[in-house]
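# Coordinates in review
Each chain, letter by letter, is given below.
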Amino acid sequence: MGDLPPVTRLAPTPSGALHVGNARTFLATWGLARRLGWKIVLRLEDLDIGRVKAGAHEESSTDLAWLGIDWDDAPLVQSADLSPYRDALEQLARAGQTFPCGRSRSEIRTALSAPHADDGEARFPPALRPTKPWPNTIETWETNHRFALDPAPEFVFDALLGPQTFDPGLEVGDMVLWTKLGMPAYQLAVVIDDARQGVTDVVRGDDLLASAARQQVIARALGLQHARWWHVPLVYGEDGKRLAKRHGSHSLQALRNAQVAPERVIGWCAWTLGLMPTCEPLPARDFCVLCTPEALRESAQRLRTQPTIFGPQDLAFLEGRSNSHPAAPSASP
Ligand code: GLU
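Residues numbered from 1 in each chain as written. Predicted model: local features only at pLDDT ≥ 70, side-chain atom pairs only at ≥ 80, totals over all residues. Heavy atoms only, no water.

## Re the overall build of the chain
To be explicit about the condition: Helical segments are the DSSP runs of H or I of at least four residues, strand segments are the runs of E of at least two, and each set is numbered from the N terminus. Radius of gyration: C-alpha atoms only; globule rule: 2.2 Å multiplied by the number of residues to the exponent 0.38. Accessibility here uses a 1.4 Å probe with only protein chains present; expressed as a share of the type maximum, an area under 20% marks a residue as buried, one over 50% as exposed, and anything in between as partly exposed. In what follows, a contact means two residues having at least one pair of non-hydrogen atoms within 4.5 Å.
For the chain, the count of helices and strands is twelve helices and 13 strands. A globule of 333 residues ought to have a C-alpha radius of gyration of about 20 Å, and the chain, at 20 Å, matches this closely. Referenced to the eigenvectors of the C-alpha coordinate spread, the extents of the chain come out at roughly 65 × 50 × 40 Å. In the chain, which comprises 333 residues, the proportion classed as buried is 54%. In the chain, of all internal contacts separated by at least 6 residues, the share reaching a separation of at least 24 is 78%.

## Description of the layout of surface pockets
In plain terms, the rule: Buriedness of a pocket was judged along seven lines, with at least five required to meet protein on both sides within 12 Å; pockets are open sets of points on a 1 Å grid over the protein atoms alone, cavities are sets where a 1.4 Å probe fits but cannot get out, and lining residues have an atom within 4 Å of a point. Grid points are joined across faces, edges and corners, and a volume is the space filled by probe spheres set on the points. Polarity classes work like this: nonpolar for Ala, Val, Leu, Ile, Met, Phe, Trp, Tyr, Cys and Pro, charged for Asp, Glu, Lys and Arg, and polar for all others, with Gly in that last group.
Considered as a void within the structure, the largest pocket measures approximately 1,200 Å³ in volume. For the largest pocket, the lining is made up of 50 residues, of which T13, N22, R51, H116 and R242 are closest to its centre. Of all the secondary structure elements, the ones that give two or more residues to the lining of the largest pocket are β1 (7-10), α1 (20-36), α4 (107-112), α6 (186-196) and β10 (201-205). Of the residues forming the lining of the largest pocket, the biggest block, five residues, is contributed by α1. A per-class count over the lining of the largest pocket returns 21 nonpolar, 16 polar and 13 charged.

## Here we look at helix α3 (residues 83-94)
Short version of the rule: Here the expected length of a helix is defined as 1.5 Å per residue gap, with one fewer gap than residues.
Here α3 spans 16 Å end to end across twelve residues, near enough to the 16 Å set by a 1.5 Å rise per residue. Of all the positions in α3, only P84, Y85, A88, L89, L92 and A93 are classed as buried. Packing partners of the buried residues in α3 comprise β4 (98-101), β5 (144-147), β8 (175-179), β9 (183-184), α6 and α7 (209-221). Looking at the residues trailing α3, positive phi occurs at G96, about 70 degrees.

## Thoughts on the pattern of salt bridges
Applicable threshold: Just to be clear on terms, a salt bridge is a Lys or Arg side-chain nitrogen sitting within 4 Å of an Asp or Glu carboxyl oxygen.
A full pass over the atoms with the stated rule returns 17 salt bridges. With a closest N to O distance of 2.9 Å, R9 and D194 form a salt bridge. Separated by 185 residues along the polypeptide, R9 in strand β1 and D194 in helix α6 bring together distant segments of the chain. If you follow the salt bridges from partner to partner, you end up with R9, R43, E45, D193, D194 and R196 in one network.

## As for the site of the ligand
Cut-off, in case you're wondering: Only a single heavy atom is needed: when it lies within 4 Å of a molecule or strand, its residue is near that molecule or strand. Any N or O atom pair separated by 3.5 Å or less is treated as a polar contact, with the protein-specific requirement of one donor-capable and one acceptor-capable atom, and with residues adjacent in sequence counted only for side-chain atom pairs. Each accessible area value is a Shrake-Rupley result obtained with a 1.4 Å probe; residue values ignore everything except the protein chains displayed when judging cover. Molecules are considered to sit inside a cavity or pocket once more than half of their atoms lie within 2 Å of its grid points.
With respect to spatial proximity, the complete set of residues near the ligand consists of R9, A11, T13, E45, A114, H116, Y186, V190, R204 and L208. Within the contact set of the ligand, a nitrogen atom lies 2.8 Å away from a side-chain nitrogen or oxygen of T13. A distance of 2.8 Å separates an oxygen atom of the ligand from a polar atom in the side chain of R204. In the complex, 88% of the free accessible area of the ligand, which totals 300 Å², lies under the protein chains. According to the grid-proximity analysis, the pocket containing the ligand is the largest pocket.

## Thoughts on the nonpolar core
Let me state the cut-off plainly: Put simply, a nonpolar core is a bunch of buried Ala, Val, Leu, Ile, Met, Phe, Trp, Tyr and Cys residues held in one set by side-chain atoms that sit within 4.5 Å of each other.
By size, the foremost hydrophobic cluster in this structure holds 61 residues, and its most contacted members are V20, L252, V265, W268 and F287. Per-element tally for this core: the top contributor is α1, with eight residues. Those residues in contact with V265, other than ones at most four positions away along the chain, are V20, A23, W66, L67, L252, L255 and L318. In this structure, L47, L149, V172 and I192 belong to the second largest nonpolar core, which totals 29 residues.

## Thoughts on the packing of α3 against α6
How we decide: Lines are fitted to the C-alpha atoms to define the axes, a helix being fitted only along its stretch in contact, and any angle between axes, read from their N-to-C directions, falls within 0 to 180 degrees. Note that the term roughly parallel is reserved for angles under 35 degrees, roughly antiparallel for angles over 145, roughly perpendicular for angles of 65 to 115, and oblique for everything else.
Where α3 contacts α6, the axes come no closer than 10 Å and their chain directions differ by 110 degrees. In terms of their interaxial angle, α3 and α6 are classed as roughly perpendicular. Between α3 and α6, the contacting residues are P84, Y85 and A88 on the first element and L188, A189, I192, D193 and R196 on the second. Considering only residue class, the contact of α3 with α6 consists of six nonpolar, no polar and two charged.

Structure below.
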């Protein structure tokens, strides 16, 4: 029997329209996977009930498929079964690593969503950690449960960005793993799902780089292996913030409705990733050919210091109002 292929995942949050920045990260995941013969699983991260929009499951899948992105299994929908997350929390409680905490307010919101680099995070004050002993069973699921996290350096090796060191205990302190809405927090859910979907390689936006350290710590506490990390730099708006709705009409849905060819989006992504010297339409299959680990590594390191800023010229190219892009890729703000 031969070795099983590596597995990666596409993990959209069905919170509304994906935009060209999301498209670039998903294309990098898919391109690398198809180029290297990895399996691809789809996971709909819909635990953040406040953010999930009706119909957005289908929309995320439609957006991905429109780009030519495919996957190999039926999607895992997180909300369909919370028992794997409950089991994990019980395991950690039995090991004396979590404590119930009724103190938080806004933390619930923060815990449910993946933390993005410009979210601004506060450390849980160490003085608020209750003294031991903590209950070793979960007495109520309708309260926050936190993971006790002392300061300690956590080394992360990123296949694109190289060696990194974080200190989750100093950055966030005792993390919320379960919220009083009765839902697993993002950090717990992602660790459980990456493990149960057999994910060996996580390719995602670099706004989650610091989260890799947190996820390693949780995985270790549960006796699970963590994946290899590939963090791809994000696309920013002209205000220096990560691309979002307020930066204009660059949602894939809007482009699709405007009869834009997906090849334009793919070509723009390949060009801004430095995989192609000019900005021109590109079929998805050609993106896979260009998306080598070496090319992506070189580009990711450059984009950390010279990020892609999405501006009017980019939109003009995507919408087909100009046939080539006048600017050099990754122009600094
Ligand atoms: N669904 C998450 C997000 O939209 C991605 C989480 C991950 O890739 O770990 O930010």
